[in-house]
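# Coordinate inspection notes
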Amino acid sequence: MNFLEERIIRDGNVKEGNILKVDSFLNHQMDIQLFEQMGEEFKKRFADANVNKILTIESSGIGIACIVARHFGVPVVFAKKTQSLNLDGEMHIAEVESFTHKCKNQVIVSKKFLTEEDHVLIIDDFLANGCALQGLIQIVESAGASIEGIGIAIEKGYQLGGRMIRNLGYHLESLAIVDAMDAVTGEITFRDNATALEETE
Ligand code: 5GP
């Protein structure tokens, strides 16, 4: 098992409704040392990619994206989910269905911060059905920028997103792929990660 899988086993909780709760270290309280390890690992996995910008979506992708960005030495742009007074000028907008909140959101990025000059690495905390990613991909496409890769902390491999994104030809790397989880026993099964992370032992 790699460092992230071990942490999920130790501190993650499987909830009814197909939710893996990782709020003690990933998406509420954040373990920055763990994020550092993730940043380093993404840098290795996308070593050959020519990246000048990290793109994520608010809110829980932002923390991880910031640490990854430090490893690449590039800025982070996060897609906003609400129109606010701070958003001015022309914008790229896509519709996204939220897995956790069961509703539709718009995701918005100012045209100032994403252009055809950009080579983007997309980073997010979870991949389930791929709706969030599809929204981000749509935004990159409408900017005329290129997608150099997609890095995900936790992919729920039994949902359709991963397969769909890989079938579209994107270089997708997920640090932990959950193949099954059981809310009653709490058991979590991981896929053998083909591009294995360094073992922690
Ligand atoms: P998708 O759009 O791929 O269906 O879902 C991705 C988004 O839903 C992620 O950004 C994440 O916020 C949320 N999500 C999906 N599944 C889970 C889960 O099992 N646990 C948590 N904490 N968030 C999830």
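Before any of the text, the structure's been laid out above.
What you are looking at is a predicted structure, and each value in this text was computed from that prediction instead of being measured.

Not every one of the 16 residues close to the ligand is listed here, only the nearest: Ala128, Asn129, Gly130, Ala132 and Lys156. For the ligand, a nitrogen atom lies 2.8 Å from a polar atom in the backbone of Leu20. For the ligand, whose accessible area on its own is 500 Å², the fraction buried by protein is 90%. Elements with a contribution of two residues or more to the shell around the ligand: strand S2 (19-21), strand S7 (119-127) and helix H4 (131-143). A total of four residues in the shell around the ligand trace back to one element, the largest contributor, which is S7.

Strand order in the open sheet formed by six strands is S4-S3-S7-S8-S9-S10, and the pairing between neighbours is mixed. Taken across any chain shown, the strands that pair with only one partner, and hence form the sheet edges, are strand S4 (76-79) and strand S10 (188-190). The average undirected angle you get between the axes of adjacent strands in this sheet is 25°. For S7 and strand S8 (residues 146-156), the ladder comprises eight bridges, and the chain directions are parallel. The residue bridging His119 from the neighbouring strand is Ser146, located in S8. Sheet strands in contact with helix H2 (residues 32-45) are S7, S8 and strand S9 (172-181), and its direction is about 115° off that of S9.

Residues of helix H1 (residues 3-11) that are buried include every one of Phe3, Leu4, Glu5, Arg7 and Ile8, and no others. Its buried side turned inward, H1 meets S2, H2, S8, S9 and S10.

This part is about the packing of H1 against H2. Any two packed helices are characterised by the angle at which their axes cross and by the distance between the axes. Between H1 and H2, the least distance of the axes is 10 Å, while the angle of their chain directions is 150°. Contact with H1, carried on its side by Phe3, Leu4 and Arg7, involves Leu34, Gln37 and Met38 of H2 and no other residues of that element.

Turning to the packing of aromatic side chains, a few remarks are in order. All told, the structure shown has one aromatic pair when counted by the stated rule. With a centroid separation of 6.4 Å and 25° between ring planes, the pair formed by Phe42 and Phe46 is classed as stacked. Under the relative-accessibility criterion, Phe42 is labelled buried at 0%. Judged by relative accessible area, Phe46 falls into the buried class, the value being 1%. Positioned above the aromatic ring of Phe72 is the side chain of Lys43, whose terminal nitrogen or guanidinium carbon lies 4.7 Å from the ring centre.

Along the chain, Thr56 falls in strand S3 (residues 53-57). Thr56 has contacts with Gly61, Ile62, Ala65, Val76, Val77, Phe78, Ala79, Ile123, Asp124 and Leu136, leaving out every residue within four places of it along the chain.

Turning to the pattern of salt bridges, a few remarks are in order. Taken as a whole, this structure holds twelve salt bridges when the rule is applied. Between Arg7 and Asp31 there is a salt bridge, with its nearest N and O atoms 2.7 Å apart. Separated by 24 residues along the polypeptide, Arg7 in helix H1 and Asp31 in the loop between S2 and H2 bring together distant segments of the chain. Overall, Arg7 belongs to the buried group, its relative accessible area being 14%. Across the pair Arg166 and Glu155 runs a salt bridge whose closest N-O atoms are separated by 2.9 Å.

Scoring rules and cut-offs
- Residues numbered from 1 in each chain as written.
- Predicted model: local features only at pLDDT ≥ 70, side-chain atom pairs only at ≥ 80, totals over all residues.
- Heavy atoms only, no water.
- Near = heavy atom within 4 Å.
- Polar contact = N/O pair within 3.5 Å; in protein donor to acceptor, adjacent residues only side chain to side chain.
- Areas by Shrake-Rupley, 256 points an atom, 1.4 Å probe, with all protein chains shown as cover.
- Helix = DSSP H or I, 4+ residues; strand = E, 2+ residues; numbered from the N terminus.
- Pairing = 2+ DSSP bridges.
- Axes fitted to C-alpha atoms, helices over the stretch in contact; angles between N-to-C directions.
- Contact = heavy atoms within 4.5 Å.
- Buried < 20%, exposed > 50% of the residue type's maximum accessible area, 1.4 Å probe, protein only.
- Phe/Tyr/Trp six-rings, centres within 6.5 Å; stacked < 30°, edge-to-face > 60°.
- Lys NZ or Arg CZ within 6 Å of the ring centre and 35° of its normal.
- Salt bridge = Lys/Arg side-chain N within 4 Å of Asp/Glu carboxyl O.

Just distances and angles here, no functional claims.
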